[in-house]
Protein chains: 6
Amino acid sequence: MTNDLYYANGTEVQLFEWAFQQQMPVMLTGPTGCGKTRFVEHMGQLLGRPVVTISCHDDLTSSDLVGRFLVSGGDVVWNDGPLTRAVKSGALCYLDEVVEARHDSLAILHSLTDHRRTLFLDRADEVVTAPEPFMLVCSYNPAYRSSLKELKPSFRQRFVTIAMNYLPPEREADVLVAEAAVDRAVAQRLVNCATTIRNADEVFHFEPPSTRVLVAAARLIAAGASELEAAHACILAPLSSDGAITEGLREIAAANLLASDGSHVQSP
Amino acid sequence: MTNDLYYANGTEVQLFEWAFQQQMPVMLTGPTGCGKTRFVEHMGQLLGRPVVTISCHDDLTSSDLVGRFLVSGGDVVWNDGPLTRAVKSGALCYLDEVVEARHDSLAILHSLTDHRRTLFLDRADEVVTAPEPFMLVCSYNPAYRSSLKELKPSFRQRFVTIAMNYLPPEREADVLVAEAAVDRAVAQRLVNCATTIRNADEVFHFEPPSTRVLVAAARLIAAGASELEAAHACILAPLSSDGAITEGLREIAAANLLASDGSHVQSP
Amino acid sequence: MTNDLYYANGTEVQLFEWAFQQQMPVMLTGPTGCGKTRFVEHMGQLLGRPVVTISCHDDLTSSDLVGRFLVSGGDVVWNDGPLTRAVKSGALCYLDEVVEARHDSLAILHSLTDHRRTLFLDRADEVVTAPEPFMLVCSYNPAYRSSLKELKPSFRQRFVTIAMNYLPPEREADVLVAEAAVDRAVAQRLVNCATTIRNADEVFHFEPPSTRVLVAAARLIAAGASELEAAHACILAPLSSDGAITEGLREIAAANLLASDGSHVQSP
Amino acid sequence: MTNDLYYANGTEVQLFEWAFQQQMPVMLTGPTGCGKTRFVEHMGQLLGRPVVTISCHDDLTSSDLVGRFLVSGGDVVWNDGPLTRAVKSGALCYLDEVVEARHDSLAILHSLTDHRRTLFLDRADEVVTAPEPFMLVCSYNPAYRSSLKELKPSFRQRFVTIAMNYLPPEREADVLVAEAAVDRAVAQRLVNCATTIRNADEVFHFEPPSTRVLVAAARLIAAGASELEAAHACILAPLSSDGAITEGLREIAAANLLASDGSHVQSP
Amino acid sequence: MTNDLYYANGTEVQLFEWAFQQQMPVMLTGPTGCGKTRFVEHMGQLLGRPVVTISCHDDLTSSDLVGRFLVSGGDVVWNDGPLTRAVKSGALCYLDEVVEARHDSLAILHSLTDHRRTLFLDRADEVVTAPEPFMLVCSYNPAYRSSLKELKPSFRQRFVTIAMNYLPPEREADVLVAEAAVDRAVAQRLVNCATTIRNADEVFHFEPPSTRVLVAAARLIAAGASELEAAHACILAPLSSDGAITEGLREIAAANLLASDGSHVQSP
Amino acid sequence: MTNDLYYANGTEVQLFEWAFQQQMPVMLTGPTGCGKTRFVEHMGQLLGRPVVTISCHDDLTSSDLVGRFLVSGGDVVWNDGPLTRAVKSGALCYLDEVVEARHDSLAILHSLTDHRRTLFLDRADEVVTAPEPFMLVCSYNPAYRSSLKELKPSFRQRFVTIAMNYLPPEREADVLVAEAAVDRAVAQRLVNCATTIRNADEVFHFEPPSTRVLVAAARLIAAGASELEAAHACILAPLSSDGAITEGLREIAAANLLASDGSHVQSP
């Protein structure tokens, strides 16, 4: 356990180190908020490398990644983009939610993810060979079943895939105590509530609550909210697209958490 | 009751203060015209922070939010956008109707809404860490059942959700009296008319009349219009896409309001 | 009756004045060519305010409304758009056929149409508060049944709705006499012909002939055309997408109007 | 009959003159190649006004019509577009195949086609009132039955509609003799062939052959081609999308025209 | 037979010369690789005119055809495009595969293809009248049965259509001998193979092999490949979208061509 | 066998040399990761020509290929793109995954792939004739059965097609030993595992594992991972869009590879 609060869940640290040692790119998969971003930050600390994070989205052009020409002092000067800066400085370059990117923007990554480890800046007529410690890390959430976009098989085959998941309940409660300074009993009740909902996932068909929303609820409790108030605002309302809380969710919360008067409906 | 006429409806002020204290972003949900914009302005006054409002729409680019390069005196100079200005000044930044925004524009908010509280200005090669009082507030109206756009679950999970609703009738009448200077009896008849229509919502399937349109009708009455004239122009006609008023709505209005001759059809 | 030939049809002048007095925006609805544009010009004269007209269309950007940066003398200078000029000069700003506009362009109007009465020029970093006489007027023709676009309910609720319609036959004939200098008998025959077609609208399912096309036909008659020639060219041919005149329309025209030899087929 | 070879077909010259006298815009309808462009050129000569022709297409922006800012000598200068030049010079402005234009580009014409006769150059902040002889003329071919685009009824109602058609056979043969210098007998055989095909139009469902293609065939004959060769290349092959000539068309041609050996298959 | 290896197939040279003499534009139709490009080059030599070739595609703008403004030395200067250069120099301007062009780009050709023979450079405010020898030639392959695009009938009617096709077998073999220097026997076997496949076209439903691919196979044979190897790589594999060769094609090739050991499977 | 580790699989080297000698373009087809890129690099070494690689994607414009104007020192200067540079330097120009390119971008290749061997830089008004050793090589993976894009038949007919495939097992194991320095036994087990999966392809309907992923797994094993760990991360997880490994794949891997304890489930 390190001081930046990353809690390893399995063999992900070992696999990441092997890939780093072999200069191979890594693809992280797992549900929203299970700690992918923190894992990359943790590995950056462990390996002594800076992390350059790029949030992918539909409108990210390859120019946004590699750089562009800008006018400066009446002249046109090339400005490196974050990917180029990451390559040149030998950083860990983290493309968050890579499946959201325009797929044509990803073509620029091909020569970086095979034996060439090279970035071709065609517009600047420059070729950058990645230094040894440079590493490309991508992530995406395969649980978006309805997503219209999919990564191409030939793209996925370029990466060492590391599958991540939620922490086991005890470890997840540790995180809540450490990050929100709530009592362990509160933390465990929140984790129990989340676990019940995650197991009911197949019934409800929504994105299950992440560790992130549990931390948010715990912080609201630390600020003075009751457990039920915090769970409604941070865990239950975001689960539905209209913010309304269904009866089933309400019952799960009431069975696991304390109301504002401290009362507790024990599930029979 | 404050001097800027915001009428709290439940625990929303308390929840907002807890989120502010914990530096967590807030998502306001509720029907059109129930007072979300006024609530944010009210909280800005209460917390002593300026409010920067951005109306979201389909064409809002991330450059519109964070800033862009502009030519000035022959040189290219970076100009902060309203989001960047709000972050730097520690303001409440209010993204109104966030569901209308191009979703790729929202990716820029990710690093602002988790533990990093940081805005990455990749094009300007600048990183802005939000000062303590900065707070991001978003709103959307989940009642648009036909909307093709939906916020991604992982996006909703980044916020403390505060669900808002219409004021109770007595409070709503208070607002009409205070804002349009009509008699309390007039105000109550308008609120009764709106409440009847809102309850009939399931039959009519339209966006129910908001407090905003009641204030508009009250002001037209204050200017000289009869109650029915004002209700036709401000409450009933906007309910249908062609401005025509259906028989059912006409009967509801006639049963609740005074005609220009002061007559009143009492509902049996 | 004013000297600019606007013929009031009901309470529209009174409602417009009340809205102006209360600083509320107005939405005009009604069929094509029933006189919405003239009504706004008439109210501008009556209230002593200039009118700024903007024809809305699919390609109208918010920059076209509020302004943009232009290069001048090597520097970049902000140029106000017609909406900004209208706000600053306290004019009546008339958005004709607002339903045709790109809906994202309309978001810029939100802060102008509620209690704020403010225009946010984010790109110029300027905030313009509307002076007292500024008034926003929009219009659209709800009779386009097949239109794919619809105004959002929350947008319609921001306006006082004034429903307009064709003038009564006598008033419409007055307009023809005044504008085209034809005999009153000619004018009445043209109005009778139009009224017959409008009543047959449910059978033919087309946009009924407007006062505008009657004026056009009257002017062609004044220039020397026979009544039937003028009606064919100005009233009947534009009713069908291919300019061909159906038998039914031909009969209606023949039954109401004089041929070039002055003969008249009286309907039995 | 003028020396520019325009052959009037009915009352179109008279109607056009009345509209010009009354300063009303004109819409010409009729099949491809029936002489709309020549008619406008003819009227320009008759009325002593220059003609500015604009071929409409999907990509024609309102800037292409009214003008745009261009950089010149380091400064930005407004350049009038062809529509603005036509308005200022009091020309006949002819928008050919107006139905092909982006409909948002047509909104700029609204204020030119009603009582205002004014062109608003919003970007240049200039208002141009049309001088008396300025006249707007549009044309489209309503026979494109499969066209996805249609002119809006409210747009069509702004024009005096003049329906044009093919010349009667004798007049059409006059045109062939005058333009291609072929014998009258050759001209009449070509016209007979075209008339037979036009009458068979309902069977074949294609755009019937225009006067233009008859002139083309006549010119090829004048250059040395046989009548059948010329008809195949200029009249028959363009009728099908693959340039192949069907048996039915081949028979019609053979029955009306001379082969290269001067032989003639007389229809029984 | 000229020294640039064009082999006339019928009356196409004569028709082209008549059209050139009459200053009429020509449309070439025919299957891929039947020699349209070479025919235009041949006619350029015969008529003593330069040929300007423009390959049409989806993204070809009218600016690409006529020219655009470019910044040079701080000033904005107009640069003629290839079409404008062709018109001014009286060249043959060849638009290859014109059906692939954006149809709005083709509107610029209207005034060049009728009696006006004029190019309107609206943006440059320049009018170019074509000199006598200028000629516009377009081509397209009507055999693309699945093409979503079609040339408009009114566009096709502007051209003299010259239908081209494959050479007769003896002439095609002449081309192979002349261009690839293979024995006449080899050439004839390749032509026989192609003819068999072309006749089987209705069964296989693919683009039949062109003279171009026969030349390619012959050149590979001249370099050392066996007839079957060359036919597989140049004739058969390109026929299917996945490069795989079906059994039927394999049999046709084996029945017509020699294997690497010189053996020959004679069709029974 | 050369020192850059290319293992020839059939006649591809010979065919490529013949095409190079005849100055004909080559199209490589075959499954992902079967060694197309390495083959081109190998041929570049063998023929003593530099290789210019361009990864094709949806957003690749013809300007990206041929070059564009850039502002430099206040003036506009033409900059050659990678295709133009390859032509001028007589390189092998390799367009990887050409089917992904916007097809309109490919039109620029037409004149390079027929007898003209010429690149038309219309915007720069320059014509570049390819020197003798210049060669165009394209590749695509026809196994993408679901691809919406297909190369046009007339485009495919411009190339000598060379079909590539996986190496035979023994050769593939040679590659793993040489590139990842694993024992031959390990290499053979990985190849056996891959071969089993490739043969099961018809059942699973996914992109089969490439030599590339076998090398990746071998390198992870060399770094310390067990065979099963490495196969899970590099071979199995990338096969499904959600990174989850199906039971069938798990059994194949377990039957072929050693677990972390060195145990081996021998298939019965």
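Report follows, based on the coordinates. On a predicted model such as this, the values are computed, not experimentally measured, just so you know. (Residues numbered from 1 in each chain as written. Chains lettered and ligands numbered in written order. Predicted model: local features only at pLDDT ≥ 70, side-chain atom pairs only at ≥ 80, totals over all residues. Heavy atoms only, no water.)

**Some thoughts on the interface of chain B and chain C**
- With 45 residues of chain B at the contact, the number on the chain C side is 34 residues.
- For the pairing of chain B and chain C, the buried interface totals around 3,400 Å² over both sides, and the portion due to carbon and sulfur atoms is 51%.
- Seen at the junction of chain B and chain C, the total is zero salt bridges.
- Viewed at the interface, chain C and chain B are joined by seven residue pairs in polar contact (both at pLDDT 80 or more). (Contact = heavy atoms within 4.5 Å. Buried area = accessible area lost by both parts, 1.4 Å probe. Salt bridge = Lys/Arg side-chain N within 4 Å of Asp/Glu carboxyl O. Polar contact = N/O pair within 3.5 Å; in protein donor to acceptor, adjacent residues only side chain to side chain.)

**Remarks on the relation of the copies chain D and chain C**
- Note on the copies: chain D fits chain C at an RMSD of 0.1 Å, the axial shift is 0.1 Å, and the rotation between them is 60 degrees. Look at the turn and shift together and you get a six-fold axis relating the two. (Least-squares fit on C-alpha atoms with pLDDT ≥ 70 in both.)

**Some details on the sheet that holds strand β8 (residues 135-140) of chain D**
Residue and element names in this part refer to chain D.
- The strand order across the open sheet formed by five strands is β2-β5-β8-β1-β9, and the pairing between neighbours is parallel. Strand pairing shows two members of the sheet lacking a second neighbour, β2 (51-55) and β9 (160-163), which therefore form its edges. Strand-to-strand twist across the sheet, computed as the mean angle between neighbouring axes with direction ignored, equals 20 degrees. (Pairing = 2+ DSSP bridges. Helix = DSSP H or I, 4+ residues; strand = E, 2+ residues; numbered from the N terminus. Axes fitted to C-alpha atoms, helices over the stretch in contact; angles between N-to-C directions.)

**Side note on the interface of chain D and chain C**
- If you look at the interface, chain D gives 33 residues, while chain C gives 45 residues.
- Interface area, chain D with chain C, both sides summed: about 3,300 Å², of which 51% is carbon and sulfur.
- Run the count over chain D and chain C and you get seven residue pairs in polar contact (both at pLDDT 80 or more).
- When contributions to the side of chain D that touches chain C are tallied by element, the ones reaching two or more residues are α1 (12-21), β4 (75-80), α6 (153-156) and β9 of chain D.
- Looking at the side of chain D that touches chain C, the element that brings in the most residues is α1(D), giving four residues.

**Quick look at the environment of D:N141**
Residues and elements named next belong to chain D.
- Position of N141 relative to the elements: it lies in the loop between β8 and α6.
- For N141, a relative accessible area of 7% translates into the label buried.
- A C-alpha to C-alpha distance of 5.7 Å links N141 and T29, two positions 112 residues apart in sequence.
- With residues up to four places along the chain from it excluded, the contact list for N141 reads G30, P31, T32 and E207. (Buried < 20%, exposed > 50% of the residue type's maximum accessible area, 1.4 Å probe, protein only.)

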